[in-house]
Protein chains: 2
Amino acid sequence: MQSFNSLILDIRKHFNDSLRKIQINDKPKYLYDPIRYSIQTKGKRFRPVLLHLVGRANNVQPDILMTMSLAIELLHNFTLIHDDIMDNDNMRRGKKTIHEKWDLSTAILSGDGIYTISQIILSQIPNLKSNVFSYFNKTTLEICEGQALDKEFENNYTISEDMYISMIEKKTGALIGASSALPLIFKHKPHHIVKVYEKFGRCIGKAFQIQDDILEITGDYIKMGKSLGSDILLGKQTMMAIKANNKYPSEWEDLISNSEKKNLTNNISKFLNDKGIIEECKLEYKAYFSASLEYLNQLEDIDISELVQLVNMLEKRTF
Amino acid sequence: MQSFNSLILDIRKHFNDSLRKIQINDKPKYLYDPIRYSIQTKGKRFRPVLLHLVGRANNVQPDILMTMSLAIELLHNFTLIHDDIMDNDNMRRGKKTIHEKWDLSTAILSGDGIYTISQIILSQIPNLKSNVFSYFNKTTLEICEGQALDKEFENNYTISEDMYISMIEKKTGALIGASSALPLIFKHKPHHIVKVYEKFGRCIGKAFQIQDDILEITGDYIKMGKSLGSDILLGKQTMMAIKANNKYPSEWEDLISNSEKKNLTNNISKFLNDKGIIEECKLEYKAYFSASLEYLNQLEDIDISELVQLVNMLEKRTF
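Report on the accompanying structure. Being a predicted model, the structure only gives us computed values, none of them experimental.

### Describing the environment of Gly205 of chain A
Residue and element names in this part refer to chain A.
- Looking at the element boundaries, Gly205 is found in helix 9 (residues 191-218).
- In the structure, Gly205 is positioned 29 residues away from Ile176 in sequence and 5.7 Å away in space, judged by C-alpha atoms.
- The residues touching Gly205, leaving out its near neighbours within four places in the chain, are Thr172, Gly173 and Ile176.

As structure tokens, then:
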């Protein structure tokens, strides 16, 4: 039996091959150079991997899964390009962001272009029903809502943990939920079944985001491939920041307003560690991973073992 | 018989009513306030009017036409919001642009949101085939290509008239072509018929853009509802600028580099008028309007009279 690790590597390799084979026009270079650059970055391809594993468990044809997963990944790319502008992020997946390497207009336009290409790719699936397009775009609108809440929450220290969870459910959970649900929608499965897959993915998404925020503080800059600690400097809310602000309001305020920028990540990391907040947030994301497994256990007639292994693998990730 | 003018007013009124009835969530306000603001601006609604007239001539149900035309107008809104950022335009349809009234991030995100809503609306048409989505998104990609070329052409005084025409065919022609072709694609008409409608719309689009550039120089700021003359300050190419630069290179360079900003529009308008360039460009756009009528004349089995009247009405517009 193929080991799970080699299965994941295999899916990722096939996915990256297919991504490279997407026909992108040569000109105008103003539009297509940054699109090529963005597509060629090395991502973890976690959403495509999830979609393929769900699809395998439900006997969806591999070529259909590949097309869907390309559309999902390009939709993800589009949101990253525009979010990076809004959040002033300079690095993404180990490379300069598009607005940093080119400029603002290039980044806006190439983001628009990638989203459009993702839908052109989706429409290549034969006999696709319009409910798939509707679901795909409703997912995007929810991601936009999540990004809007994220911007509204900046520098707002009255945000509760529940409000934060609702925000990341939209910003991160919606797309991971869609990656899990799309193969089932394609197969015309009943609504209540689709919803179980969607909730499974959304739980993973929430876990993934809380974990990501921790890794941004404690993680390896090179492996993460993006600038660390920038969220806190921007006044972004994270589960850790909310807990720190609730429990130690004056110490937390002192810390983030008085730390020098170059020491900020270290100082914050030490504070959150000493106060047990990182440990507390780890318990939170582990709870969401466990909740995702409970949704899986509601599913009958499919072999959930690969999906369980994926959740376990994600829980152990270090970047 | 209803006069043509009152028919157009009627279509526009129904369209505006339907636009107002689109369900837009209340929150997050960061996303939906600017979307509501953008939708409520007063546009000429020329693309929806064209789509309705083509649909009437081909017996497509009015409610289907309304849904399609809403999708087209929202797609148009999305491109305006993002283009206004890229082109630094502060006024649109008589109101502040979104990035001017709010900020950059708001404008990027609400543009993304409107484009997404346009596709959710499109997917509400019952039993819609995926080729409609494919066509809709290919149109958007072509508009992105047009905007990319427009950016590439800035301050490039080697751009020929042909290159300019190819650019506006994408930037303006593609969407007007799609407004004309979509009802036929929906009705599964053969490719060669769809193409005639598309080319009819694209000719109108090219005429419309050349005419727009002239009105931007000679027109009424209030009626046009946008800042005039800004294109030339940005080094944007127009048919007039290309002709002026080709025929009177040194005089033209002196004019655009030495005019004070506040007199620029007047000085340029006088120069282009005195040299006969405005008249020459008027002949060009009239030729494209005539070419559009030739495509109409290729169509059999439909009553083209309303479409002919629309072209005549457009040709006479002053804003």
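### Structural notes on the interface of chain B and chain A
- Listed as interface residues are 39 residues of chain B and, on the opposing side, 39 residues of chain A.
- Here chain B and chain A share an interface that buries about 3,300 Å² over both sides, 73% of which is from carbon and sulfur atoms.
- On the chain B side of the contact with chain A, Met86, Thr116 and Leu141 of chain B bury the most area, a combined 15% of that side's loss.
- For the interface between chain B and chain A, the tally reads 0 salt bridges.
- Counting every contact that joins chain B to chain A gives 10 residue pairs in polar contact (both at pLDDT 80 or more).
- Broken down by secondary-structure element, the contributors of at least two residues to the side of chain B that touches chain A are helix 2 (29-39), helix 4 (62-86), helix 6 (104-122) and helix 7 (130-153) of chain B.
- In terms of residue count, helix 7 of chain B provides more of the side of chain B that touches chain A than any other element does, 14 residues in total.
- Partitioning the side of chain B that touches chain A into residue classes produces 20 nonpolar, 12 polar and 7 charged.

### Notes on the packing of aromatic side chains
- By the definition in use, this model includes 14 aromatic pairs over all chains.
- Ring centres of Phe78 of chain A and Tyr115 of chain A lie 4.5 Å apart, and the angle between their planes is 10°; this geometry places the pair in the stacked category. Taken together, the residues span a long stretch of sequence, with Phe78 of chain A in helix 4 (residues 62-86) and Tyr115 of chain A in helix 6 (residues 104-122) at a distance of 37 residues. You'll find Phe78 of chain A and Tyr115 of chain A in the same group, each marked buried.
- Plain terms: the ring middles of Tyr115 of chain A and Tyr115 of chain B are 5.7 Å apart, the flat faces sit at 90° to each other, and that makes the pair edge-to-face. One end of the pair, Tyr115 of chain A, is in helix 6; the other, Tyr115 of chain B, is in helix 6, on a second chain. Note on accessibility: Tyr115 of chain A and Tyr115 of chain B belong to one class, buried.
- Ring-pair connections join several aromatic residues into one group, and the members of that group are Phe78 and Tyr115 of chain A together with Phe78 and Tyr115 of chain B.

Scoring rules and cut-offs
- All residue numbers refer to positions counted from 1 along the written sequence of the respective chain.
- Chain letters start at A and ligand numbers start at 1, both assigned in the order the entries are written.
- A pLDDT threshold of at least 70 governs which residues receive local features in this predicted model, and a stricter bar of 80 or more applies before side-chain atom pairs are shown or counted, although totals over entire chains, interfaces and linings include all residues.
- For side-chain calculations, the full set of non-hydrogen atoms in the structure is used, while hydrogens and water are omitted.
- Helix numbers and strand numbers start at the N terminus; a helix is a DSSP run of H or I with at least 4 residues, a strand a run of E with at least 2.
- Contacts are assigned to residue pairs with any non-hydrogen atoms lying within 4.5 Å of each other.
- Buried area is calculated as the accessible area (1.4 Å probe) missing from two parts once they are joined, with the contributions of both summed.
- For salt bridges, the criterion is a side-chain nitrogen of Lys or Arg within 4 Å of an Asp or Glu carboxyl oxygen.
- Any pair of N or O atoms that falls within 3.5 Å is considered a polar contact. Within protein, one atom must be able to donate a hydrogen and the other to accept it, and sequence-neighbouring residues count only if both atoms are side-chain atoms.
- Classes in brief: Ala, Val, Leu, Ile, Met, Phe, Trp, Tyr, Cys and Pro nonpolar; Asp, Glu, Lys and Arg charged; the others, Gly included, polar.
- Think of it this way: a Phe, Tyr or Trp ring, Trp meaning its six-membered ring, pairs with another when their centres are within 6.5 Å, and the plane angle makes it stacked under 30 degrees, edge-to-face over 60, tilted otherwise.
- For each residue, the accessible area found with a 1.4 Å probe, counting protein chains only, is set against the maximum for its type, and the residue is called buried under 20%, exposed over 50%, and partly exposed in between.

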